[in-house]
Amino acid sequence: MSAPAHTQTKPDLRAFLHGLPGVDRVGAEARAATLASRSIKTTAKQWALDMAISMIDLTTLEGQDTPGKVRALCAKAKRPDPADPTAPMVAAVCVYPDLAHVAVVELKGSGIHVASVATAFPSGRSSLEVKLADVKYAVSAGADEVDMVIDRGAFLAGDYQLVFDEIAAVKEACDSAASSGSAGRAHLKVILETGELVTLDNVRRASWLAMLAGADFIKTSTGKVTPAATLPVTLVMLEAVRDFRDSHGRQVGVKPAGGIRTAKDAIRYLVLVNETAGEDWLDPRWFRLGASSLLNDLLMQRTKIMTGRYSGPDYFTLD
């Protein structure tokens, strides 16, 4: 078993990360394309639609967000289809830190998590002191999940220790803030912003770096950069969490976010999870879909299977 994360030193990190097997981009893209072409039959499709709904982090991260918008989003999270109480609830509602307290009140007792972005989202460009204050603010407001962004500039410059130390410090802040102000620790999702990492080799290295530093989840994107989530990138991240559990005995979740808009897209990701990491990750505790518009299409497809007809897009509330 590898050394605990806190014993990693700068030379060790560089040697380890650059010693990881290289990613065959052509092979990864071909594998993702093959899995995306899988046909899902009716019974399995209904299960997949419900599973995808239960994995959604229903998200609003706009400067024009209001308490009213967050309340409406929380209502939809609890009852995605007002006409069908059998539709599952989503996994979480994700908002900015200053609106986390609104979501906490609206979701109390539902079992739906409150996630908040932090650490100078989406750029990640601020002092560590400011980033940690951001995290503590979110957790003290009641967020039980924190989505942080790594310093991509530092990572691309090869300063892996700085990135590692910041993730570890944020992880400690999540744990200490939660222990002093809430029932349990806040889970940490580390956003790699894969659209800025340039290569799949960097995606693999960043995935391992985040996990070594204590991430509970690794997440593709902020949703503010193009490209956001892609199947090949998510494939590499799923391979990383699978291999990390094999070598370190700790399971880490994966969250693709941004650009996942249709039920067909969501099901492709579920197939990817099953065939790459395995069934253990087909659970909202270990796989999430970051989305704002995906839910409506999942509900439309679900209605089609159950009733034989589509409901128009205006049947569901806009997110």
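Analysis parameters
Residues numbered from 1 in each chain as written. Predicted model: local features only at pLDDT ≥ 70, side-chain atom pairs only at ≥ 80, totals over all residues. Heavy atoms only, no water. Axes fitted to C-alpha atoms, helices over the stretch in contact; angles between N-to-C directions. Helix = DSSP H or I, 4+ residues; strand = E, 2+ residues; numbered from the N terminus. Left-handed = near helix turned anticlockwise from the far one by under 90°. Contact = heavy atoms within 4.5 Å. Nonpolar A, V, L, I, M, F, W, Y, C, P; charged D, E, K, R; others polar. Buried < 20%, exposed > 50% of the residue type's maximum accessible area, 1.4 Å probe, protein only. Core = buried A, V, L, I, M, F, W, Y, C linked by side-chain atoms within 4.5 Å. Expected span 1.5 Å × (residues − 1). Pairing = 2+ DSSP bridges. Right-handed = clockwise from strand over helix to strand, strands pointing away. pLDDT = per-residue confidence, 0-100. Phe/Tyr/Trp six-rings, centres within 6.5 Å; stacked < 30°, edge-to-face > 60°.

Packing of helix H2 (residues 25-36) against helix H11 (residues 263-276) brings their axes to within 9 Å, and their N-to-C directions diverge by 115 degrees. Read as a crossing pair, H2 and H11 show a hand that is right-handed. Residues Arg31, Ala32, Leu35 and Ala36 of H2 form the contact with H11, whose participating residues are Arg268, Val271, Leu272, Glu275 and Thr276. A class-by-class count of the residues in the contact of H2 with H11 yields five nonpolar, one polar and three charged.

Relative to the assigned elements, Pro256 resides in the loop between strand E7 (253-255) and H11. Among the residues examined, Pro256 registers a relative accessible area of 0% and is labelled buried. With 33 residues separating them in the primary sequence, Pro256 and Gly223 have C-alpha atoms 9.6 Å apart. In this structure Pro256 touches Thr220, Ala229, Thr234, Tyr269, Phe287, Arg288, Leu289 and Gly290, once residues within four positions along its chain are discounted.

The next point concerns the nonpolar core. Counting residues in each nonpolar core, the largest one holds 99 residues, and the members touching the most others are Ile167, Val190, Phe287 and Leu298. Judged by nonpolar contacts, the second largest core, of seven residues, contains Leu61, Cys94, Ala115 and Val117.

On to unusual backbone geometry. Residue Pro122 is bonded to the preceding Phe121 through a cis peptide linkage, with omega at 0 degrees. Positioned with a positive phi, Ala120 is a non-glycine residue whose angle comes to about 60 degrees. In this structure, Ala120 sits in the loop between strand E3 (113-117) and helix H6 (128-140). Of note, Val198 is a non-glycine position whose phi angle comes to about 75 degrees, a positive value. For Val198, the position within the fold is in the loop between strand E5 (187-191) and helix H9 (200-212). When its relative accessible area of 66% is taken as the criterion, Val198 is described as exposed.

Over its 13 residues, H9 runs 18 Å from end to end, which matches the ideal 18 Å to within 8%, given 1.5 Å per residue. Where H9 is concerned, the buried positions are Leu200, Asn202, Val203, Arg204, Arg205, Ala206, Ser207, Trp208, Leu209, Ala210, Met211 and Leu212. Positioned one or two residues after H9, Gly214 has a phi angle of 115 degrees, which is positive.

Further remarks concern the sheet that holds strand E8 (residues 289-291). One open sheet holds the eight strands; their spatial order is E7-E6-E5-E4-E3-E2-E1-E8, and the pairing between them is parallel. Of all the strands in the sheet, just E7 and E8 have a single pairing partner and so form its edges. Taking the axes of each pair of neighbouring strands and ignoring which way they run, one obtains an average angle of 25 degrees across the sheet. With three bridges joining them, strand E1 (residues 56-59) and E8 adopt parallel strand pairing. Its bridge partner being in E8, Asp57 is matched across the sheet by Gly290. Across the sheet, helix H5 (residues 100-107) lies against strand E2 (92-95) and E3, angled at about 170 degrees from E3, the strand it touches most. Packed onto the sheet, helix H10 (residues 231-248) meets strand E6 (217-219) and E7 and runs at close to 170 degrees relative to E7.

Let us now look at the pairing of E1. Going residue by residue along E1, you find Ile56 and Leu58 tucked away on one face and Asp57 and Thr59 tucked away on the opposite face as well. Relative to E2, E1 is paired through three bridges, and the arrangement is parallel. Opposite Leu58, over in E2, you have Val93 as the bridge partner. With helix H4 (residues 67-78) bridging E1 and the parallel E2, this β-α-β connection has right-handed handedness.

The share of residues in the chain with pLDDT of 70 or more is 91%, and the mean pLDDT across the chain is 92. Note that pLDDT drops below 50 for residues 1-7; the model gives that stretch ten contacts with residues more than four away or on any other chain.

Once that is clear, we can look at the packing of aromatic side chains. According to the stated counting rule, one finds four aromatic pairs in the structure shown. Taking 6.0 Å as the distance between ring centres and 75 degrees as the angle between the ring planes, the aromatic pair formed by Tyr96 and Phe121 counts as edge-to-face. With Tyr96 in the loop between E2 and H5 and Phe121 in the loop between E3 and H6, the pair connects residues that are 25 residues apart, well separated along the chain. For Phe121, a relative accessible area of 11% translates into the label buried.

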